[in-house]
Amino acid sequence: IPDSLDYLTETEIESATLYLPIQRYALGDSGNPNALSFNIYKTGKAWTNLTTWDSLFAGGSSTSDYFDYNIVRGSFNGSIIQGDTMPEIKIPFDKKLIVEWFQEEAALKQCTTKVDSAKHIIWGVSLIPDNSSTVLRTISALTAEGARPHSFILVYYKTKTGSRDSVMITSAIDATVVNATSLPPADRIVVQGGVSLRSLMTFNLSSLPNLAAVHSIVLELTKDTDNSYSANYGLDSTLYMVLKSDTGSAALLKGSYYGYRNYSNKAKWIFNDITSAGEYWTRYQKKGYLELMAEGLDNEYRQLDRLVFYGMNDPDINNRPKIKIIYSTRPNRNCNK
């Protein structure tokens, strides 16, 4: 934000427009062009890309002291037509807040201490859906490379000489917080992007002979269709698993595996080669852990599709997770026998 425009008043600002580049992903009522509806509020507290729903809405509150609900800085309830290419959303933006930002930026330049600077930091704005909104849509955000389109505000104003000029204010950091506390039954295996919801699976191979040679392990999971859902792209056909050292550790071992949806039975996801994990487990206590998650950056962080699988306690044994192990015993080299 320029620090030389603090002289501007609201009357000298011709227009301020927020541009939001919409992407195709939509979860919910994507067929309704008027399903998206939200208000824009000033953000008044420090936040980072690690801020979560629970930190914003502490104790389950329906409001947050991070946002100034007293003034709506802009709103949207217009039409969005789903297509191969998506237009930008253009929203008239509050001129008063633009003036405030220009003044804060000028004041920030004059600050000489960290304490003084903290008074003039601009925390941006928040887009908060109202109760009539029935769809979740993706807005393209800033990336490390800066190549993707991301949000900006275009301001047209009159200069001191009376001529017309403009300034573009681009977003410097973007984040999304999601309330995903409504979970499927506790005995299910769940994977969901957006909130990085993963499942830790425990395996016990104690029935295998000591030092058995594991040749193949195949894992099969069955989808719980009633509790799974996806956006307009459909559920992804691949999943990802990593070998974990124990239940409480964040450390990953050298093992990662891909699973895929069975072509002939689309309710089945198959990990057809987790053999190296079994080899590791047979040498270390014959038990171990695999963490199941969405595959790829988009599925894990930018989409909210939820894939649910039946667990070990399902009444129908055909729905329960299954592993098929092919192994052989090793030759007995004890010459005394």
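Before reading further, recall that the structure is shown in the block above.
The structure reproduced in this document is the subject of the present report. Because the structure is predicted, anything quoted here is derived from the model rather than measured.

Brief notes about the overall build of the protein chain
Turning to step 1, where the next piece is worked out: The secondary structure content of the protein chain amounts to 5 helices and 18 strands.
Turning to step 2, where the next piece is worked out: Taken over C-alpha atoms, the radius of gyration comes to 27 Å for the protein chain, far larger than the 20 Å a tight globule of 337 residues would show.
Turning to step 3, where the next piece is worked out: The long-range fraction of contacts in the protein chain, counting pairs at least 24 apart against all pairs at least 6 apart in sequence, stands at 75%.
Turning to step 4, where the next piece is worked out: Where the 34 positive side-chain charges of the protein chain centre and where its 35 negative ones centre are 9 Å apart.

As for helix H4 (residues 275-283)
Turning to step 1, where the next piece is worked out: For H4, every residue scored as buried is listed here: Thr-275, Ala-277, Gly-278, Trp-281 and Thr-282. For H4, the arc enclosing every buried residue in end-on projection is 155°, short of the 170-degree limit, so these residues lie on one face.
Turning to step 2, where the next piece is worked out: At the exit of H4 stands Gln-285, carrying a positive phi of roughly 65°.

Regarding the pattern of salt bridges
Turning to step 1, where the next piece is worked out: On inspection of all chains with the given rule, the structure shows 14 salt bridges.
Turning to step 2, where the next piece is worked out: The salt bridge involving Arg-198 is made with Glu-291; its shortest N-O contact spans 3.2 Å. Highlighted residues: Arg-198 in the loop between strand E10 (189-192) and strand E11 (199-204) and Glu-291 in strand E16 (residues 287-294), separated in sequence by 93 residues.
Turning to step 3, where the next piece is worked out: Classification of Glu-291 by relative accessible area gives buried; the value is 14%.
Turning to step 4, where the next piece is worked out: With a shortest N-O distance of 2.7 Å, Glu-300 and Arg-198 are connected by a salt bridge. Separated by 102 residues along the polypeptide, Glu-300 in helix H5 (residues 297-302) and Arg-198 in the loop between E10 and E11 bring together distant segments of the chain.
Turning to step 5, where the next piece is worked out: Beyond isolated ion pairs, a larger network of salt bridges with shared partners links Arg-198, Lys-244, Glu-291 and Glu-300.

Structural notes on the environment of Ala-231
Turning to step 1, where the next piece is worked out: By secondary structure assignment, the location of Ala-231 is in the loop between strand E12 (213-222) and strand E13 (238-244).
Turning to step 2, where the next piece is worked out: On the basis of relative accessible area, Ala-231 is assigned to the buried category, the value being 10%.
Turning to step 3, where the next piece is worked out: As a C-alpha pair, Ala-231 and Gln-303 span 72 residues in sequence and 8.3 Å in three-dimensional space.
Turning to step 4, where the next piece is worked out: Filtering out sequence-adjacent residues up to four positions away, Ala-231 remains in contact with Tyr-25, Ala-26, Leu-27 and Asp-305.

Quick notes on the pairing of E16
Regular strands place their side chains on alternate faces of the sheet.
Turning to step 1, where the next piece is worked out: Taken across its 8 residues, E16 has 7 buried, putting it largely inside the fold.
Turning to step 2, where the next piece is worked out: Bridging between E11 and E16 involves 6 bridges; their strand directions are antiparallel. Bridging across to E16, Thr-202 finds its partner in Tyr-289.

Quick word on the nonpolar core
Turning to step 1, where the next piece is worked out: Grouped together as the largest cluster of nonpolar side chains are 29 residues, with contacts concentrated most on Ile-89, Ile-91, Phe-93, Ile-98, Ile-153 and Val-155.
Turning to step 2, where the next piece is worked out: Of all the secondary-structure elements, those providing two or more residues to this core are strand E1 (13-28), strand E2 (38-43), strand E5 (88-92), helix H2 (95-110), strand E8 (152-158) and strand E9 (164-170).
Turning to step 3, where the next piece is worked out: For this core, the element with the highest residue contribution is E1, accounting for 6 residues.
Turning to step 4, where the next piece is worked out: Beyond its immediate chain neighbours, meaning those up to four positions away, Phe-93 contacts Ala-16, Thr-17, Leu-18, Ile-40, Arg-73, Ile-98, Trp-101, Val-125 and Ile-153.
Turning to step 5, where the next piece is worked out: Ranked by size, the runner-up nonpolar core spans 26 residues in total, among them Leu-235, Leu-243, Tyr-257 and Phe-271.

Overview of H2
Turning to step 1, where the next piece is worked out: Along its 16 residues, H2 runs 23 Å from first to last C-alpha, staying within 8% of the 22 Å computed at 1.5 Å per residue.
Turning to step 2, where the next piece is worked out: Looking at the buried positions of H2, the neighbouring elements they touch are E1, E2, strand E6 (125-129), E8 and E9.
Turning to step 3, where the next piece is worked out: Residue Asp-94 occupies the N-cap position of H2, its side-chain oxygen lying 3.4 Å from the main-chain nitrogen of Lys-96.

What counts and how
Every chain is numbered on its own, with residues counted from 1 as its sequence reads. Totals for whole chains, interfaces and linings use every residue, but because this is a predicted model, local features are given only for residues with pLDDT of at least 70 and side-chain atom pairs only at 80 or more, for both listing and counting. Note that water and hydrogens are dropped before the side-chain values are worked out from all heavy atoms of the structure. Numbered from the N terminus, helices here are DSSP runs of H or I no shorter than four residues, and strands are runs of E no shorter than two. With C-alpha atoms as the basis for the radius of gyration, the globule rule is written as 2.2 Å multiplied by the number of residues raised to the power 0.38. By definition, residues are in contact when any of their heavy atoms lie within 4.5 Å. None of His or the chain ends enter the tally, which takes Lys and Arg as positive and Asp and Glu as negative. Just so you know, the charge point we use is NZ for Lys, CZ for Arg, CG for Asp and CD for Glu. Partly exposed residues are those whose accessible area sits between 20% and 50% of the maximum for their type, while under 20% is buried and over 50% is exposed, using a 1.4 Å probe and protein chains only. Working note: the arc is built from the helix axis to C-beta atom directions. Salt bridges are identified by distance alone: a Lys or Arg side-chain nitrogen within 4 Å of an Asp or Glu carboxyl oxygen. Here, a strand pair is defined by DSSP locating no fewer than two bridges between the strands. Only buried residues count toward a nonpolar core, which is a set of Ala, Val, Leu, Ile, Met, Phe, Trp, Tyr and Cys residues joined through side-chain atoms within 4.5 Å. Here the expected length of a helix is defined as 1.5 Å per residue gap, with one fewer gap than residues. For this analysis, a polar contact is any N or O atom pair within 3.5 Å, provided that within protein one partner can donate a hydrogen and the other can accept it, and provided that sequence-adjacent residues contribute only side-chain to side-chain pairs.

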